[in-house]
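Structural overview
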Amino acid sequence: MIWQLDFIILIMVVICAVAAINVKDLLSSAIILGAYSFLMCLLWTGMGAVDVAFTEAAVGAGISTAFFIGAIFQTTRRTND
Amino acid sequence: MIKQCDNVIVQSVSRFLTPFILLFALYVIAHGHYSPGGGFQGGCILGASFILSMIAYDIAEVKRRMTEKMNTVLTGVGVLIYAGIGFICLLLGANYLDYGVLAEILPVGTAKARALGTFGIEIGVGITVMAVMVSIFLNLASGGEHEEGSVE
């Protein structure tokens, strides 16, 4: 893989991970976590682990985001801390 | 609570997209031993199509098509397929999940029997994963009270 592309994706992974923890809106946090999963999926694909990337896309970016949104429906949208 | 969304764009797009998602999931399951994918990923995508309908319509609408009882039965059936194929191999005198001996009861050669055995396993895993994903989402989105999930 081109190392510049790899580097950009890695920077964005770190930004997404920090943002998902720090953001106050839980719905935004779930969506940012989905973006994090998708970027990780791109990284796995670049490393040649296509099966892992597929699992990451199906489970991390797809199903778990839906689960988080389903759970947020049960609570308030904003965190208190 | 997830209540019925009355946006016509969301509803018609989800209605239009669901068959393609199901087709792709079946492709992923059926080609699990040739290409990336397999029972787990295909089952996740199958479950995601149900979850999409639950979000776009409401839970009661989906539960009319896939009831709680049927969901539980499907969870068991998938595990039964997986374990059953393993035990058939055990009964034929080989190790657990050693598909090669399936050639004795199937009218195919050893290599083809291995491919068919793997395919059967993928189907079992896919059914179980789909049912469990739908069940997890149902429990999360309705707060554990399945009957109340459709009420706003």
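Right above here is the structure, for reference.
Computed from a prediction, not measured in an experiment: that's the story for all the values here. (Residues numbered from 1 in each chain as written. Chains lettered and ligands numbered in written order. Predicted model: local features only at pLDDT ≥ 70, side-chain atom pairs only at ≥ 80, totals over all residues. Heavy atoms only, no water.)

Thoughts on empty space enclosed by the protein
Residues and elements named next belong to chain B. The cut-off we apply is this: Computed over the protein atoms alone on a 1 Å grid, cavities are sets of points where a 1.4 Å probe fits but cannot get out and pockets are open sets with protein on both sides within 12 Å along at least five of seven lines; a residue lines them when it has an atom within 4 Å of a point. Grid points are joined across faces, edges and corners, and a volume is the space filled by probe spheres set on the points. Residue type decides the class: Asp, Glu, Lys and Arg count as charged, Ala, Val, Leu, Ile, Met, Phe, Trp, Tyr, Cys and Pro as nonpolar, and the leftover types, Gly among them, as polar.
According to the stated counting rule, one finds 1 cavity of 30 Å³ or more in the structure shown. Volume-wise, the largest cavity comes out at about 30 Å³. Lining the largest cavity, in full, are Met54, Val62, Met66, Asn71, Val134 and Leu138. Residue classes in the lining of the largest cavity are distributed as 5 nonpolar, 1 polar and no charged.

Topic: the interface of chain A and chain B
Formally: By definition, residues are in contact when any of their heavy atoms lie within 4.5 Å. A 1.4 Å probe defines the accessible area here, and the buried area is the portion of it lost by two parts on being joined, summed over both. We define a salt bridge as a contact between a side-chain nitrogen of Lys or Arg and a carboxyl oxygen of Asp or Glu at a distance within 4 Å. Residues adjacent in sequence count toward polar contacts only when both atoms are side-chain atoms; beyond that, a polar contact is any pair of N or O atoms within 3.5 Å, and within protein one must be able to donate a hydrogen and the other to accept it.
Facing 13 residues of chain A, the contacting portion of chain B comprises 20 residues. Roughly 1,400 Å² is buried in total at the junction of chain A and chain B, and carbon and sulfur atoms are behind 78% of that figure. In this structure, the connection of chain A to chain B is made through 0 salt bridges. Here chain A and chain B share 4 residue pairs in polar contact (both at pLDDT 80 or more) between them. Taken together, the residues that form the side of chain A that touches chain B break down as 9 nonpolar, 3 polar and 1 charged.

A word on the pattern of salt bridges
Residues and elements named next belong to chain B. Stated formally: Segments assigned H or I by DSSP are reported as helices when at least four residues long, segments assigned E as strands when at least two residues long, and all are numbered from the N terminus. Only protein chains enter the accessibility calculation, which uses a 1.4 Å probe. A residue is then buried if its area is under 20% of the maximum for its type, exposed if over 50%, and partly exposed in between.
Counted under the stated rule, the structure contains 1 salt bridge over all chains. The closest approach of N and O atoms between Arg114 and Asp98, which form a salt bridge, is 3.5 Å. Residue Arg114 is located in helix H5 (residues 110–141), and its partner Asp98 is located in the loop between helix H4 (68–91) and H5; the two are separated by 16 residues in the primary sequence. Residue classification places Asp98 among the partly exposed residues on the basis of a relative accessible area of 25%.

Re the packing of helix H2 (residues 39–56) of chain B against H5(B)
Residues and elements named next belong to chain B. For the record, the criterion: Angles run from 0 to 180 degrees between N-to-C directions of axes, and those axes are lines fitted to C-alpha atoms, restricted for helices to the stretch in contact. Note: crossing handedness is left-handed where the near helix turns anticlockwise from the far helix by less than a right angle, and right-handed where it turns clockwise.
For the pair H2 and H5, the least separation of the axes is 7 Å and the interaxial angle reads 35°. In the packing of H2 onto H5, the handedness of the crossing is right-handed. In contact with Gly39, Phe40, Gly43, Cys44, Leu46, Gly47, Phe50, Ile51, Met54 and Ile55 of H2, H5 contributes Glu122, Val125, Gly126, Val129, Met130, Met133, Val134, Phe137 and Leu138. Each residue belonging to the contact of H2 with H5 can be placed in one class, and the counts come to 14 nonpolar, 4 polar and 1 charged.

Side note on the nonpolar core
All names here are of chain B. Just so we agree on the cut-off: Here, nonpolar core means buried Ala, Val, Leu, Ile, Met, Phe, Trp, Tyr and Cys residues that are tied together by side-chain atoms lying within 4.5 Å of each other.
Formed by 26 residues in total, the largest nonpolar core has its most connected members in Met54 and Phe137. The leading source of residues in this core is H5, at 8 residues. Among the nonpolar cores identified, the runner-up in size contains 8 residues, and Cys89, Tyr99, Val101 and Ile121 belong to it.

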